[in-house]
Amino acid sequence: MVHLGPKKPPARKGSMADVPKEFLEKIAELEKEFSVSTEQLKAITKHFISELDKGLSKQGGNIPMIPTWVVDYPTGKESGDYLAIDLGGTNLRVVLVKLGGDRTFDTTQSKYKLPSALRTTKNPDELFGFIADSLKSFVDEQFPEGVSAALPLGFTFSFPASQTKINQGILQRWTKGFDIPNVEGHDVVELLQKQLKTRNIPIEVVALVNDTTGTLVASLYTDGETKMGVIFGTGVNGAYYEQVSDISKLEGKLADDIPSSFPMAINCEYGSFDNENAVLPRTKYDLQIDAESPRPNQQAYEKMSSGYYLGEVIRLVLVDYHKQGLIFKDQDVTKLNTPYIMDTSFPARVEEDPFENLENTDELLQKELGINATVQERKLIRRLCELVGLRAARLGVCAISAICQKRGYEAGHIAADGSVFKLYPGFQENAAEALRDIYGWTPAKKEDYPITIIAAEDGSGVGAAVIAALTQKRLAAGKSVGVIGA
Ligand SMILES: Nc1ncnc2c1ncn2[C@@H]1O[C@H](COP(=O)(O)OP(=O)(O)OP(=O)(O)O)[C@@H](O)[C@H]1O
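Residues numbered from 1 in each chain as written. Predicted model: local features only at pLDDT ≥ 70, side-chain atom pairs only at ≥ 80, totals over all residues. Heavy atoms only, no water.

Draft legend 1. Structural detail: the pairing of strand β10 (residues 236-243). Burial analysis of β10 places seven of its eight residues in the buried class, the great majority of the element. Bridge count between strand β9 (residues 226-232) and β10: five bridges; the pairing is antiparallel. Directly across from Gly229, in β10, lies its bridge partner Ala239. Counting the residues between successive antiparallel strands, the hairpin from β9 to β10 contains three residues. (Buried < 20%, exposed > 50% of the residue type's maximum accessible area, 1.4 Å probe, protein only. Helix = DSSP H or I, 4+ residues; strand = E, 2+ residues; numbered from the N terminus. Pairing = 2+ DSSP bridges.)

Quick look at the structure:
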């Protein structure tokens with residue numbers, strides 16, 4: 001690595017002057033396959049709107065559109081100490097949130113890397129036991145004197161779970177490469193509470209929250225212009241407030257204290273958009289990812305736009321080109337042939353490479369894959385990464401435009417979280433530009449568009465805490481937090 005001083009040099013697009021014709025032809029093919037035109041974005045948005053509506057209807061559709069039982073907008077006056085945990089695709093975060101009651105908050109946070117074997121363990125108690133153990137060490141550290149009453153906890157669970165009330169979540173299906181038996185169809189709150197009880201940990205799970213809903217509510221707590229919470233992380237997802245009268249699948253299931261004029265946050269779980277293969281422009285590599293995944297024909301949209309899969313799309317192209325005898329001649333490709341060896345930080349680092357000869361990429365390929373690539377090969381890889389990253393951003397905003405159009409939002413803030421949004425070079429610019437293409441806005445700085453996608457402040461811990469506070473308030477007033485009789 002060459003250090004150029006304290007300021008990071010800007011990434012360079014680089015010249016293709018020395019790239020051989022056969023590579024240029026491949027690049028042209030890739031550009032054709034991976035580009036998504038404005039017309040396609042509009043068509044995808046249109047189909048998206050009808051799929052969102054279907055998800056809210058009684059007959060249902062591919063997109064789950066899960067009612068969250070969050071039926072209040074936060075006022076910013078919520079206060080008190082709350083624990084929050086966030087089980088994402090990669091890490092477990094444990095947070096102590098002190099809500100100030102004046103739109104402020106303070107958090108103390110620990111992060112525990114989820115051992116990757118836990119994603120596919122055969123015993124669900126191992127996953128929930130790991131969470132309980134992590135909570136225990138956090139609580140012991142934060143409350144060395146012990147606690148006088150059970151600590152209320154908001155559990156952020158970033159997988160599709162159906163809820164007939166807020167402190168329950170029946171896992172519909174694992175996503176993001178998780179596959180643990182005997183959890184689908186079960187209440188994950190109960191599974192966690194059981195492990196807490198076994199260990200005598202004084203915690204009560206008050207609310208189960210999806211990370212997207214948490215992002216939405218946390219951002220609304222600090223910024224009243226927020227219209228949606230979205231995640232571009234291991235997976236993709238979004239949440240927004242729908243009017244109860246438009247959630248037809250809840251008709252007849254609500255107590256009088258949740259009237260039809262109320263808002264209710266909906267956790268869309270739109271990663272499953274277009275499972276029926278109607279509009280997304282899939283390449284043969286996308287089809288291969290799907291076919292070889294533990295869950296074929298599911299999470300179609302997510303497989304083209306989320307962090308879990310972007311590196312894998314790139315790997316499949318490289319494997320294909322190597323098999324065609326085009327790249328990495330006489331190189332040991334054992335590592336390259338390992339599925340999911342490259343996460344999305346790989347293309348991110350390639351795109352960040354500031355050097356004309358892609359020196360950092362060379363180092364990366366040697367270190368991660370044991371491959372010595374020529375400069376021309378590196379340029380091909382660089383272009384491939386740009387195309388896959390750009391496609392993810394462009395497809396990723398179709399969900400945002402669909403929800404904003406459906407709700408009639410002409411302006412506002414979309415609070416975004418996740419490493420892909422925050423760390424992938426150019427992602428934010430590409431996403432803003434795609435939204436501009438769909439709406440036909442005049443080009444401007446991304447901050448100046450009527451609908452802006454902004455980084456969520458911190459999200460999930462605070463959102464889960466605010467939701468736990470809203471829930472406790474409703475319960476204290478004797479109001480319902482689920483379907484009638486739940
Ligand atoms: N530098 C980077 N640039 C872009 N993407 C990255 C980078 N580092 C990691 N990633 C990708 O981000 C994903 C992890 O996202 P995040 O850190 O938001 O985790 P998460 O909370 O587990 O995700 P989710 O909220 O979807 O469950 C991984 O799939 C990884 O490939």
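Draft legend 2. Local environment of the environment of Leu380. Secondary-structure assignment places Leu380 in helix α11 (residues 375-396). Residues Leu380 and Leu24 lie 356 residues apart in sequence; the distance between their C-alpha atoms is 8.2 Å. In contact with Leu380, other than residues within four places in its own chain, are Phe23, Lys26, Ile27, Tyr321 and Ile327. (Contact = heavy atoms within 4.5 Å.)

Draft legend 3. Examining the site of the ligand more closely. Among the 21 residues in the neighbourhood of the ligand, the closest are listed as Gly89, Thr90, Lys176, Gly235 and Ser419. Within the backbone of Thr234, an N or O atom sits 2.9 Å from an oxygen atom of the ligand. Between Ser419 and the ligand, the recorded distance is 2.5 Å, taken from a side-chain N or O atom to an oxygen atom. Considering the ligand on its own, with 650 Å² of exposed area, one finds that the protein chains cover 87% of that surface. Every element with two or more residues in the shell around the ligand is listed here: α8 (307-323), α9 (345-352) and α13 (419-423). The leading source of residues in the shell around the ligand is α13, at three residues. Looking at the shell around the ligand residue by residue, the class counts come to six nonpolar, eleven polar and four charged. Two domains each provide a minimum of three residues to the shell around the ligand, namely domain 1 (17-63 + 226-410 + 412-449) and domain 2 (71-210 + 458-472). (Near = heavy atom within 4 Å. Polar contact = N/O pair within 3.5 Å; in protein donor to acceptor, adjacent residues only side chain to side chain. Areas by Shrake-Rupley, 256 points an atom, 1.4 Å probe, with all protein chains shown as cover. Nonpolar A, V, L, I, M, F, W, Y, C, P; charged D, E, K, R; others polar. Domains from an automatic or database assignment.)

Draft legend 4. Structural detail: the packing of helix α3 (residues 124-142) against helix α4 (residues 188-198). Relative to each other, α3 and α4 sit at 55 degrees, their axes nearing to 9 Å. Between α3 and α4, the crossing angle belongs to the class labelled oblique. Pair α3 / α4 crosses with right-handed handedness. Of α4, the residues touching α3 (which contributes Asp125, Phe128, Gly129, Ile131, Ala132 and Leu135) are Val188, Leu191, Leu192, Lys194, Gln195 and Leu196. (Axes fitted to C-alpha atoms, helices over the stretch in contact; angles between N-to-C directions. Parallel < 35°, antiparallel > 145°, perpendicular 65-115°, else oblique. Left-handed = near helix turned anticlockwise from the far one by under 90°.)

Draft legend 5. Quick peek at the sheet that holds strand β12 (residues 412-417). Read from one edge of the open sheet, six strands run β1-β11-β10-β9-β12-β13, paired in mixed fashion. Two strands close off the open sheet at either side, each with one partner strand: β1 (66-67) and β13 (451-455). Bridge count between β10 and strand β11 (residues 263-267): five bridges; the pairing is antiparallel. Paired with Tyr241 across the bridge in β11 is Ala265. Where helix α5 (residues 211-222) meets the sheet, it contacts β9, β10, β11 and β12, and its direction lies at approximately 140 degrees from that of β9. In the packing of helix α12 (residues 398-407) onto the sheet, contacts are made with β9, β10, β12 and β13, and the angle to β10 comes to roughly 5 degrees.

Draft legend 6. The sheet that holds strand β8 (residues 203-209), seen in detail. Read from one edge to the other, the open sheet built from five strands follows the order β4-β3-β2-β5-β8, with strand pairing classed as mixed. Edge strands, defined here as strands with exactly one partner in the open sheet, are β4 (105-113) and β8. Pairs of neighbouring strands in the sheet enclose a mean axial angle of 25 degrees, with direction left out of account. Bridging between strand β3 (residues 91-100) and β4 involves nine bridges; their strand directions are antiparallel.

Draft legend 7. Region of interest: the nonpolar core. Counting 119 residues, the largest nonpolar core has Phe48, Tyr270, Tyr301 and Ile400 as the members making the most contacts within it. Looking at this core, you find at least three residues from each of domain 1 (17-63 + 226-410 + 412-449) and domain 2 (71-210 + 458-472). When residues no more than four places from it in sequence are discounted, the contact partners of Tyr270 are Phe48, Ile63, Met228, Val230, Val236, Asn237, Gly238, Tyr301, Ala399 and Ile403. Membership of the second largest hydrophobic core comes to 38 residues, among which are Phe143, Leu153, Ala161 and Trp174. (Core = buried A, V, L, I, M, F, W, Y, C linked by side-chain atoms within 4.5 Å.)

Draft legend 8. Representation of the state of the cysteines. Scanning all chains against the criterion turns up zero disulfides. Between Cys268, a cysteine without a disulfide, and Cys404, which holds the nearest cysteine sulfur, the sulfur-to-sulfur distance is 11 Å. (Disulfide = S-S within 2.5 Å.)

Draft legend 9. Seen up close, unusual backbone geometry. In this model, Arg103 sits at a positive phi of 70 degrees, which is unusual for a non-glycine residue. Among the secondary structure elements, Arg103 is positioned in the loop between β3 and β4. For Phe328, which is not glycine, the phi dihedral falls at a positive 55 degrees. Assignment of secondary structure puts Phe328 in the loop between α8 and α9. Phe328 sits in the buried class, given a relative accessible area of 1%.

Draft legend 10. Representation of the UniProt feature "domain: Hexokinase N-terminal" (unreviewed entry) in the protein chain. Per the UniProt entry, the sites bearing "domain: Hexokinase N-terminal" (unreviewed entry) are residues 27-221 in this numbering. Secondary structure across residues 27-221 comprises 35% helix and 25% strand; the distance between its end C-alpha atoms is 46 Å. (UniProt positions renumbered as here; feature names shortened; annotations may be inferred.)

Draft legend 11. Region of the structure containing helix α14 (residues 427-439). The end-to-end C-alpha distance of α14 is 18 Å, a good match for the 18 Å that 13 residues give at a rise of 1.5 Å each. All of the buried residues along α14 are Phe427, Ala431, Ala432, Ala434, Leu435, Arg436, Asp437 and Ile438. As for α14, its buried residues are in contact with α2 (38-56), β9, α11, α12, α13 and β13. (Expected span 1.5 Å × (residues − 1).)

Draft legend 12. Focus on the confidence of the model for the protein chain. Residues with a pLDDT of 70 or more make up 97% of the protein chain, whose mean pLDDT is 94. Scored as a complex, the prediction yields pTM 0.90 and ipTM 0.96. (pLDDT = per-residue confidence, 0-100.)

Draft legend 13. Quick look at the domain arrangement of the protein chain. Assigned domains within the protein chain: domain 1 (17-63 + 226-410 + 412-449) and domain 2 (71-210 + 458-472). Just the C-alpha atoms count here: the centres of domain 1 and domain 2 sit 27 Å apart. If you look at the interface, domain 1 gives 18 residues, while domain 2 gives 19 residues. Together, Thr234, Tyr241 and Arg295 form the three largest contributors to the area buried by domain 1 at its contact with domain 2, with a combined 32%. (Buried area = accessible area lost by both parts, 1.4 Å probe.)

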